[in-house]
Amino acid sequence: MQGSRFTWERGKGSDAWIREKLDSAFGSTEWCNRFAQYSVINLIASYSDHSPVLVVLGGRVRKKHKRRFRFDRAWVKESEFGELVSNVWVLNQGVDLSNRLRLYCIAMEEWGKNFKARFVRKIENCKKVMAETRDCSDPVSVAGYLKARQSLNLLLEQEETYWYQRAKAFWLKEGDLNSKFFHASVKARRQINQISCLENEEGAEVSDQYGLGSVVRSYFEKVYQTSERIDFDAISFLPVKISANMNADLTQNFTFEEFTVAINQMHPGKSPGPDGLNSGFFQQYWKLIGKDILTACAGWLAMGEFPPQLNNTIVTLIPKCEKPRRMLDLRLISLCNVLYKLIAKVLANRLKLILPEVITENQSAFVPGRSLIDNVQVAFELLHYMKRKNRGVKGEVALKIDISKAYDRVDWNFLREVMRRMGFCEQWVSWMMLCVSTVSYSFAVNSEIVGPVKPGRGLRQGDPLSPYLFLLCAEVLSQMINKAEIEGKIMGCRICAGAPSITHLLFADDSFLFFKATEEEGNSMKELLSEYERILGQAVNLNKSGIFFSSNVKMEQRMAISNILQIQAPLDTGRYLGLPSLIGRSKRVIFGFLKDRLSKRLSNWTFRYLSNAGKEVLLKSVAQALPTFCMSTFLLPKTTCDELHKMMNSFWWGTKEDGSKRIHWFDWQRLCEKKEGTA
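First, a word on what this report is: a plain description of the structure on this page. Here the structure is a predicted model, which is why all the values come from computation and not from measurement.

### Focus: the overall build of the protein chain
Here's step 1: Along the protein chain, the regular secondary structure elements total 24 helices and 16 strands.
Here's step 2: Taking 679 residues into account, the globule formula puts the C-alpha radius of gyration at 26 Å, and the protein chain, at 29 Å, falls close to it.
Here's step 3: Here the protein chain, with 679 residues, has 47% of them falling under the buried criterion.
Here's step 4: Across the protein chain, contacts joining residues at least 24 apart in sequence account for 70% of those joining residues at least 6 apart.
Here's step 5: A total of about 35600 Å² of accessible surface is found on the protein chain, and carbon and sulfur atoms cover 52% of it.
Here's step 6: Here the protein chain holds 94 positive side-chain charges and 73 negative ones, and the gap between their average locations is 4 Å.

Pasting the structure below:
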């Protein structure tokens, strides 16, 4: 609902001022599907204490803008399109790669301008021929009927590709062919991703398209501002971990096999970057264009310069909640050009091979050979020990910190200096900084492009290199904690005499810190985090951070340490890596979030259009996978498992039009039997 959140109020301005949302607009699934661009507006009433609610069928009124070119995977099933691609590539042999791809886009956009209309006509013609010849028995008519049916099946498969690409239902590999589900998913995605209102810096709500664009642009111009001068002496303690052999492996000549592996690692249906080409295009015609791409990309890295627009990026804003009001309620996904992403992927594949030698074992994110489960199991073992520790003079403290906008605040000068201190050669450092510092952002706000914004810091969500470069920055915090432990400023948590002392567990921007429950160590941890924030430009999000004390820590000590760290929220109110931070007596209540998560997925109205085959795929690939991560660490109560089974069972059999349950012809145990003897 656009406008105020409340539709009824009484006693405005008095101490008994009450406001509620009592009035709503209701629509059936069919109605919402028919008027997919509807919007609900909360109007102003002059006399009544109830606000009128207006439903606008046409949705938000926006100024017309030119639609961005996007490669359509359904085109490759047309024989004439393959000829077009080959002809354009051969005719422009002397043109540099970036311009050849630009000419490709122009030719494909012109060719595909009326593709959908031609496509619909072909389907209608096939159905017409089949209707005219279905009852005829002469050989010519029979041959015409069979040919038309074959063409219709190919066209329907092509239409499925068209809608599948737009629905983004990547979990659905098989089961539904060109169903209403894809159509409903496309409309639902567009509706969910609509941003109707945002708060500006003054706290005022803005709902018009121009105002929304201004809020987004001003916010990111502030976020990506270059930070103050970095004190490089503060990281002089970093050890050199990169050997000459490692540098030689990182900077060796590029091969065609490397680029082939990198392009095949990309999902063919992901959204394209500013040039409109997705990885499916490059994968389809890799044999034709692959070697030219290798030559061009290797040449750009050798010169240390990218062509203009190669590193341009469109940032899509995905709502984290149902009705986003603040910029913090939006998740940022960067859509890079595939050509740049290919270069970054090749470099990332080289970098991740040496990460186990560079990153300390306290970090487990994105490092080959290490698992997220390692962090979870160690963290919960320590918390369980602290919870049961009710004796002893010294207690322990567990501090879970969350870094606010961790990727966006990484300082480029800091990143460059960290790589140099670790021993990376200048050629590799220059490649990394070329990928990071030549970026230009534009922001998609309700399908309209706002920007560009030239950043002075930050890493992109969606860049293959970003996770690994952030690990190098987080390694500074890990080494700072290790240095403080060696100097005796911080002592970690040890669950028994022979166990190792654990001071920290890092997983990207979600971290656990452990130290003794004394004011001295509390001050040391506070100074350490402040120093890390200062040199890296990061900021600890106190609202998402939590603190936990072992049972033998007195209340006076708890209050003193909490005040020093300025964190008052108890740890049991938050999550760590998607799991509850602490497990209480009632496991059924603790793991109730699994039911809520599953119910949210299964109650999505778009799933009503799934066939039985589609439901089976959804239950196997999504519903049954939801509790798997939790079950890898915890033993779920039998009652929770039974409730999850009941929800899946009800979804499988469905409900009638009046909302009553359908007959369950088989019990759940029989439905879930193993398929013995299948290949």
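The rest of the description comes next.
### Here's the deal with a nonpolar patch on the surface
Here's step 1: A cluster of nonpolar side chains, contributed by I663, W665, F666 and L671, occupies part of the molecular surface with about 430 Å² of accessible area.
Here's step 2: Looking at the element boundaries, W665 is found in the loop between helix 23 (638-653) and helix 24 (668-671).

### Section: the nonpolar core
Here's step 1: M108, F281, F282, L399, F424 and L472 are the most contacted members of the largest nonpolar core, which totals 165 residues.
Here's step 2: Ignoring sequence-local partners within four residues, the contact set of M108 consists of F69, F71, W75, F81, L84, L277 and F281.
Here's step 3: Judged by nonpolar contacts, the second largest core, of 20 residues, contains A379, L505, F514 and C630.

### Focus on the pairing of strand 14 (residues 546-549)
Here's step 1: Across the two faces of strand 14 the burial is the same, with G546 and F548 and I547 and F549 all buried.
Here's step 2: Taken together, the four bridges between strand 9 (residues 396-402) and strand 14 define a ladder with antiparallel strand orientation. Across the sheet, V397 pairs through a bridge with F549, a residue of strand 14.

### Comments concerning the pattern of salt bridges
Here's step 1: Summed over all chains, the structure comprises 16 salt bridges.
Here's step 2: Across the pair K516 and E396 runs a salt bridge whose closest N-O atoms are separated by 2.6 Å. Here K516 is found in strand 13 (residues 510-516), whereas its partner E396 is found in strand 9, with 120 residues between them in sequence. Here the two residues K516 and E396 agree in accessibility, since each one is buried.
Here's step 3: Notably, a salt bridge pairs K595 with E643, separated by 3.1 Å at the nearest N-O pair. Of this pair, K595 sits in helix 20 (residues 592-602) while E643 sits in helix 23; the two residues are 48 residues apart in sequence, bridging distant segments of the chain.
Here's step 4: The exposure class of E643 is buried, given its relative accessible area of 17%.
Here's step 5: Salt bridges here are not isolated pairs; linked through shared partners, they connect K389, E396 and K516.

### Topic: the packing of aromatic side chains
Here's step 1: For the structure on display, the rule yields 27 aromatic pairs.
Here's step 2: Between F254 and W431, the aromatic rings sit 5.4 Å apart at their centres with planes inclined by 40 degrees, giving tilted as the arrangement. Here the residue F254 occupies a position in the loop between helix 8 (244-250) and helix 9 (256-264), and W431 occupies one in helix 15 (residues 426-437), the gap between them amounting to 177 residues. For the pair F254 and W431, one class covers both residues: buried.
Here's step 3: Grouped by ring-pair contacts, the aromatic residues F71, W75, F81, W89, Y104, W111, F281, F282 and Y285 constitute a single cluster.
Here's step 4: The lysine or arginine in question, R100, covers the ring of W89, its NZ or CZ lying 3.7 Å from the ring centre.
Here's step 5: A cation over a ring is seen here: K483 above F237, with NZ or CZ 5.8 Å from the ring centre.

### What to know about the environment of Q427
Here's step 1: By the secondary structure assignment, Q427 is in helix 15.
Here's step 2: With 180 residues separating them along the chain, Q427 and N247 place their C-alpha atoms 9.1 Å apart.

### Observations regarding the sheet that holds strand 12 (residues 504-507)
Here's step 1: Read from one edge of the open sheet, four strands run 12-13-9-14, paired in antiparallel fashion. Of all strands in the sheet, those with a lone pairing partner are strand 12 and strand 14, marking the two edges. Strand-to-strand twist in this sheet, taken as the mean axis angle between neighbours without regard to direction, amounts to 15 degrees.
Here's step 2: Where strand 12 meets strand 13, four bridges bridge the pair, whose relative direction is antiparallel. Paired with F507 across the bridge in strand 13 is D510.
Here's step 3: Along the sheet, helix 17 (residues 519-536) contacts strand 9 and strand 13; its crossing angle with strand 13, the most-contacted strand, is approximately 150 degrees.
Here's step 4: Contacts from helix 18 (residues 555-565) reach strand 9, strand 13 and strand 14 within the one sheet, and its direction differs from that of strand 14 by about 155 degrees.

What counts, and where the lines are drawn
- Residues numbered from 1 in each chain as written.
- Predicted model: local features only at pLDDT ≥ 70, side-chain atom pairs only at ≥ 80, totals over all residues.
- Heavy atoms only, no water.
- Helix = DSSP H or I, 4+ residues; strand = E, 2+ residues; numbered from the N terminus.
- Rg over C-alpha atoms; globule rule 2.2 N^0.38 Å.
- Buried < 20%, exposed > 50% of the residue type's maximum accessible area, 1.4 Å probe, protein only.
- Contact = heavy atoms within 4.5 Å.
- Areas by Shrake-Rupley, 256 points an atom, 1.4 Å probe, with all protein chains shown as cover.
- Lys, Arg positive; Asp, Glu negative; His and termini not counted.
- Charge placed at Lys NZ, Arg CZ, Asp CG, Glu CD.
- Patch = residues over 30% accessible without salt bridge, like charges linked within 9 Å, V, L, I, M, F, W, Y side chains within 5 Å.
- Salt bridge = Lys/Arg side-chain N within 4 Å of Asp/Glu carboxyl O.
- Core = buried A, V, L, I, M, F, W, Y, C linked by side-chain atoms within 4.5 Å.
- Pairing = 2+ DSSP bridges.
- Phe/Tyr/Trp six-rings, centres within 6.5 Å; stacked < 30°, edge-to-face > 60°.
- Lys NZ or Arg CZ within 6 Å of the ring centre and 35° of its normal.
- Axes fitted to C-alpha atoms, helices over the stretch in contact; angles between N-to-C directions.

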